[in-house]
Amino acid sequence: MKKREMPSKYHPQSVEEGKYQEWVDQGVFKPSGDQKAKPYSIVIPPPNVTGKLHLGHAWDVTLQDMIIRSKRMQGYDTLWLPGMDHAGIATQAKVEARIKEEENLSRHDLGREQFLAKTWDWKEEYATIIRQQWAKMGVSVDYDRERFTLDEGLNRAVNKVFVALYEKGLIYRGEYIINWDPVAQTALSDIEVIHKDVQGAFYHIYYPIVGSQEKVEIATTRPETLLGDTAIAVHPDDERYQHLIGQKVLLPLVNREIPIIADTYVDRDFGTGVVKITPAHDPNDFEVGNRHDLPRINVMNRDGTINDKGGAYAGMDRFQARKQIVADLEAAGLLVKVVDHLHSVGHSERTGAMVEPYLSTQWFVKMAPLAQKALDNQKGEDAVEFYPPRFEQTFTTWMENVHDWVISRQLWWGHQIPAWYHRETGEIYVGEQAPADEANWERDPDVLDTWFSSALWPFSTMGWPDQTADLDRYFPTDTLVTGYDIIFFWVSRMIFQSLEFTHRRPFKHVLLHGLIRDESGRKMSKSLGNGIDPMDVIDEYGVDSLRWFLSTGSTPGQDVRYSTEKMGAAWNFINKIWNASRYVLMNVGDLDLSSIVIGQDLTLADRWILSRLQATIESVTQLFERFEFGEAGRQLYHFIWDDYCDWYIEMTKEQLQDSSQDSIKTKSVLIHVLDQFLRLLHPIMPFVTEEIWQQIAPEGASIVTAHYPQVETAYQDEAAEVAMSQLIEVITAVRQIRNEMHTPLSKELALTIKVEDPSVKDRLQANRAYIDRFCHCSELTIDLDPTIEEEMVTQTLSFAQILIPLKGLVKIEDEIKRLDQEAAKLVKEVDRVDKKLANEGFIAKAPQALVDSERQKKIDYEKQLQAVRDRIQELNQLI
């Protein structure tokens, strides 16, 4: 990168152009290879290849990039490993929708092989887009190590884990009630189900007792499942129904006799105390059925229609069948009543379809022993540290209450389950390789839950199950950065799988961030139409502005609201840095980092800014270590904008016009401090810091690999900080008085500073040149007991009293005239409020809070008016 003239205004597009590719070409993102350096590694949470990255992804990679860039500059041997996730059900749904729209075909029309070829094409298309977005965001990953959750190496790891868990008895195949998505026609795990409140109903139905005129009343929210009832149940201690236990009822509409059983599952205080038992369509009923050896009658097809066991309702959609069954019950005189009922119903996270509890043969992971191992590990030295710490309880609670994990999915896109069934005997073979006589075996067509492969990500990407050099050096990884919403989905599963197969935690720290919301606080979604494309934001404000907003916009674990106002403020801050840097570079001549000379005998301003720099380095470094990036950003902002730009640069302007050695020292300090805060800022704003730093750095050097700032104790100067803080207080107080008295800065003032401490007097005297210049003094008196002979405007500081002659501030006649005008305005305001409060209609109809507000305004206006009149009287006495 060549040095070039900086334009008068920050233009992010020109600054960003070409830099990322230069970094990649130079290989600065790769591990250093220095075996003496301490390793530091991050594996990227792999984005799904379902589409483009959103603002949440942008936030996620920004935080990771900040961490890895700072560690790289600190001399660590850093690895940030990139990759993407195949996202089974979501990607398959996208591809199916595309071929339906473009070719009017289903995956079944294409066949498995051709459909998967099209899905791989989709993957390549969106993987390319994601890499382009990573480049725009400036993510400093090592592309040579990029992985994909369906690549050959990860498939080998997945198969090994499946077989090992199966052989340990931790994976099993069984018939259970699972969550079924009738649109995607696949099983779902519990955490892939989103519960929403739905307006439904309780349908109260009579079940006739066989051989009797008696009937029992049962309430259900899903009357279509009565087609699969195999019993009704009462509590064994419920006296109302003791005489019915062991008898039978005639199943309405189906006319099948089913038993009346007793089971403690029944809540006798809820409803009528009688419940229908449908083992194939309810998880609790499934357990009751197991205890009583009840048959399981599945009356539903995979697509949510009623199957041939549903008699007259066969072929109907489940909701259509519900309406017809209710109508038929009413016609038969068996419908007691329908009561509206708002209840929570599970929906598929991916398709939005209402989930159906469904009897199905699936593969499961037995979670209890794996969860216990993870819980036990959190009590030892190898525990995963959650940040913020409160999220460890979220992890613990889920692990303590975890259910067995259904891992099979009725999809084509994914890791096909490494299990085969003998065509003749039905024997099951599970292995990493197909059985030797493969022709006699049929492979299970299902694939594994996407999270099964993602759970292996921290170590499978390093080459496991082989003991590779990367696995040896970079695993366990150091920090995982992800959203708090996938603690269950991903974080927990990575922990227990890593402990099971590597006997180590997968990462040392988990930094959890929140969600990006819109300006109204709503979650961004397609349905609301409030999503924002990060690439559009970058086009408008630049990537460094977006990264600054995302990194400083909230505290760890909290959501952040996108704000155009804050994006504008971020750009404005960078423009401030740009203009300050440009000014410095225009005024330091040929000086650069290789030729600066700071030396001794510095001015107070030089000593102060160097000391403030050390405090900033120390604070920002510590805050980065604690992942408190928002506070780190605020510290940097205050130092750069206030200390460096607003004070130090202003204080150096006279020295910059001088050609003496003192001027060289000040110019050197200007460049040194600029260099240091650019390095501190680089992890957050990589592009603009590189652009500016190139102007002062050796030819060919990159800030990406520059050393991170360290505290230089020789520059820590408490005395300079005290002296400068007092000077700043004095100057600020005088400016405030000028502002209040409407006195322009161009007007000279006689300033007196009264102090009580002789050391403060000496300090201010030693630096009176700064006071003279910034306060524009015609006279300056600094004394312990100055003589005061006229009316003064005063302001008291903690260490001094500021006194300025009133006549020096304003022309008294003009000030009286101005105050008269102000008094007239206040009189009008008082009259307006009086009329409003005298209006009986307003008092009667307006909200009490509004009436009280108007009364308070009257009090405030009258106080202001009296103060103005008092001041006018005081000034008249001086004429």
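Everything below is about the structure shown above.
What this report covers is the structure whose coordinates are included nearby. (Residues numbered from 1 in each chain as written. Predicted model: local features only at pLDDT ≥ 70, side-chain atom pairs only at ≥ 80, totals over all residues. Heavy atoms only, no water.)

This brings us to the pattern of salt bridges. Where side chains of opposite charge bring their charged atoms close, a pairing between them can arise. Tallied over the full model, the rule gives 50 salt bridges. Across the salt bridge formed by Asp 478 and Lys 508, the nearest N and O atoms sit 3.2 Å from each other. Of this pair, Asp 478 sits in strand β22 (residues 477-483) while Lys 508 is found in strand β23 (residues 507-513), placing the two residues 30 residues apart along the sequence. We classify Asp 478 as buried; its relative accessible area is 7%. A salt bridge links Asp 559 to Arg 517, with the nearest nitrogen and oxygen atoms 2.7 Å apart. Taken together, the residues Asp 559 in the loop between α17 (543-552) and β25 (560-561) and Arg 517 in strand β24 (residues 516-517) connect sequence positions 42 residues apart. (Salt bridge = Lys/Arg side-chain N within 4 Å of Asp/Glu carboxyl O. Helix = DSSP H or I, 4+ residues; strand = E, 2+ residues; numbered from the N terminus. Buried < 20%, exposed > 50% of the residue type's maximum accessible area, 1.4 Å probe, protein only.)

Relative to the elements of secondary structure, Asp 142 occurs in the loop between α6 (112-137) and β4 (147-148). Looking at Asp 142, the relative accessible area reads 2%, which means it is buried. A distance of 2.5 Å separates the side chain of Asp 142 from the side chain of Arg 145, its partner in a polar contact. (Polar contact = N/O pair within 3.5 Å; in protein donor to acceptor, adjacent residues only side chain to side chain.)

Taking strand neighbours across the sheet as the criterion, the four strands line up as β10-β11-β9-β12 in an open arrangement whose pairing is mixed. Of all the strands in the sheet, the pair left with one neighbour each is β10 (248-250) and β12 (274-277). Adjacent strand axes in the sheet meet at a mean angle of 30° when their direction is disregarded. Two strands pair when backbone bridges link them, and β10 and strand β11 (residues 257-262) are joined in this way by three bridges, in the antiparallel orientation. Bridge pairing in β11 places Lys 248 opposite Pro 259. (Pairing = 2+ DSSP bridges. Axes fitted to C-alpha atoms, helices over the stretch in contact; angles between N-to-C directions.)

Quick look at the pairing of strand β26 (residues 749-755) now. Burial of β26 is extensive: five of the seven residues sit out of reach of the surface. Summarising the sheet, β26 and strand β29 (residues 800-805) pair through four bridges and their orientation is antiparallel. In the sheet register, Ile 753 faces β29, and the bridge partner there is Ile 802.

Between Trp 464 and Pro 465 the backbone carries a cis peptide bond, its omega angle lying at 20°. Inspection of the secondary structure puts Pro 465 in the loop between α13 (457-460) and α14 (469-474). A cis amide bond links Phe 475 to the next residue, Pro 476, at an omega of 0°. The residue Gln 185 is not glycine, and still its phi comes out positive at about 55°. For Gln 185, the position within the fold is in the loop between β5 (171-181) and β6 (186-188). Despite not being glycine, Asn 255 has its phi angle at roughly 60°, a positive value. Tracing the chain through its elements places Asn 255 in the loop between β10 and β11.

Turning to the packing of aromatic side chains, a few remarks are in order. Under the defined criterion, the tally for this structure stands at 43 aromatic pairs. Chaining the aromatic ring pairs together yields one cluster made of Phe 162, Tyr 166, Trp 363, Trp 405, Phe 452 and Phe 496. Just above the ring of Tyr 583 sits the side chain of Lys 653; from NZ or CZ to the centre is 5.5 Å. (Phe/Tyr/Trp six-rings, centres within 6.5 Å; stacked < 30°, edge-to-face > 60°. Lys NZ or Arg CZ within 6 Å of the ring centre and 35° of its normal.)

Read these as spatial facts, not as claims about activity.
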